[in-house]
Amino acid sequence: QQRGASRKVSLAVVESSLTPAHSRSSSGGESRIFRLTDTKSHYASMAFEALPLWRELERQSGAELLRTTGCLDIVDEQSLEDALRTSESAGATVETLTGDEIAKRTQGAINLKSLETRYGGIYERSGGINNPKTVMNSYYRLLREKYKQRVKVLSGHSLIELEDYGSSFSLLLKRHNP
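Rules used throughout
The residue numbers shown here count from 1 along each chain, following its written sequence. For this predicted model, a pLDDT threshold of at least 70 governs which residues receive local features, and a threshold of 80 or more governs which side-chain atom pairs are given and counted, while totals over whole chains, interfaces and linings are taken from all residues. Excluding hydrogens and water, the side-chain figures rest on all heavy atoms present in the structure. Only Phe, Tyr and Trp rings take part, Trp by its six-membered ring, and two of them pair if their centres are within 6.5 Å. Stacked means planes under 30 degrees apart, edge-to-face means over 60, and tilted covers everything else. The helix count covers DSSP runs of H or I at least four residues long, the strand count covers runs of E at least two residues long, and both are numbered beginning at the N terminus. Only protein chains enter the accessibility calculation, which uses a 1.4 Å probe; a residue whose area is less than 20% of its type maximum is buried, one above 50% is exposed, and one in between is partly exposed. Paired strands are those between which DSSP finds at least two bridges. Lines fitted to the C-alpha atoms define the axes, with helices restricted to the stretch that makes contact. Angles between their N-to-C directions range from 0 to 180 degrees.

1. Digging into the packing of aromatic side chains
For the structure shown, the criterion picks out two aromatic pairs. Pairing Phe-34 with Trp-54 gives two aromatic rings, centres 6.5 Å apart and planes at 75°, and the pair type is edge-to-face. With Phe-34 in strand E2 (residues 32-34) and Trp-54 in helix H1 (residues 41-61), this residue pair connects regions lying 20 residues apart in the sequence. Side by side, Phe-34 and Trp-54 carry an identical accessibility label, which is buried. Here Tyr-139 and Tyr-140 contribute two aromatic rings whose centre-to-centre distance is 6.0 Å and whose plane-to-plane angle is 45°, an arrangement assigned as tilted.

2. Regarding the sheet that holds strand E4 (residues 71-76)
Overall, antiparallel pairing links the three strands, which are arranged E4-E6-E5 in an open sheet. Strands at the two margins of the open sheet, each flanked by one partner only, are E4 and strand E5 (94-98). For this sheet, the mean angle separating the axes of adjacent strands, direction not counted, is 25°. Where E5 meets strand E6 (residues 119-124), five bridges bridge the pair, whose relative direction is antiparallel. Residue pairing for E6: Glu-95 is matched across the bridge by Tyr-123.

What follows is the structure, encoded as structure tokens:
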């Protein structure tokens, strides 16, 4: 744990990995999926609400952050009904596909006939992928532009405690060993 001298910053970003977009962090790797289909309604709702925020961040940064490719989720029959219900209740426009329809659309690249359990799919057009490194770099650049040099990125830390004093905050952090 670390208690340091007070630093005057307008914004502190705490990143648990040693460096932002580190290969073993949640913001690392080449891509992350973005989808509006999920069997858990709170995930589907959060994704639906986040979509216009992604587009706003893209507008502000001038970079493509979320590449819309469409998303096909292949699930068993029970999960198909759950995912369909939660996705539609979140506001997603989805299309259900049978195993035969999936095989036809993918020109046989996906063939579900060899599986014992019956599977189907949900396709929704708004899904896609993003590149975490591009997203994080754009986000940090925008923060630095807005707050000038009063942004501090604290890599390799976990937030242990946050105290709100009204007009300021105190952070208690734990540094990760490299």
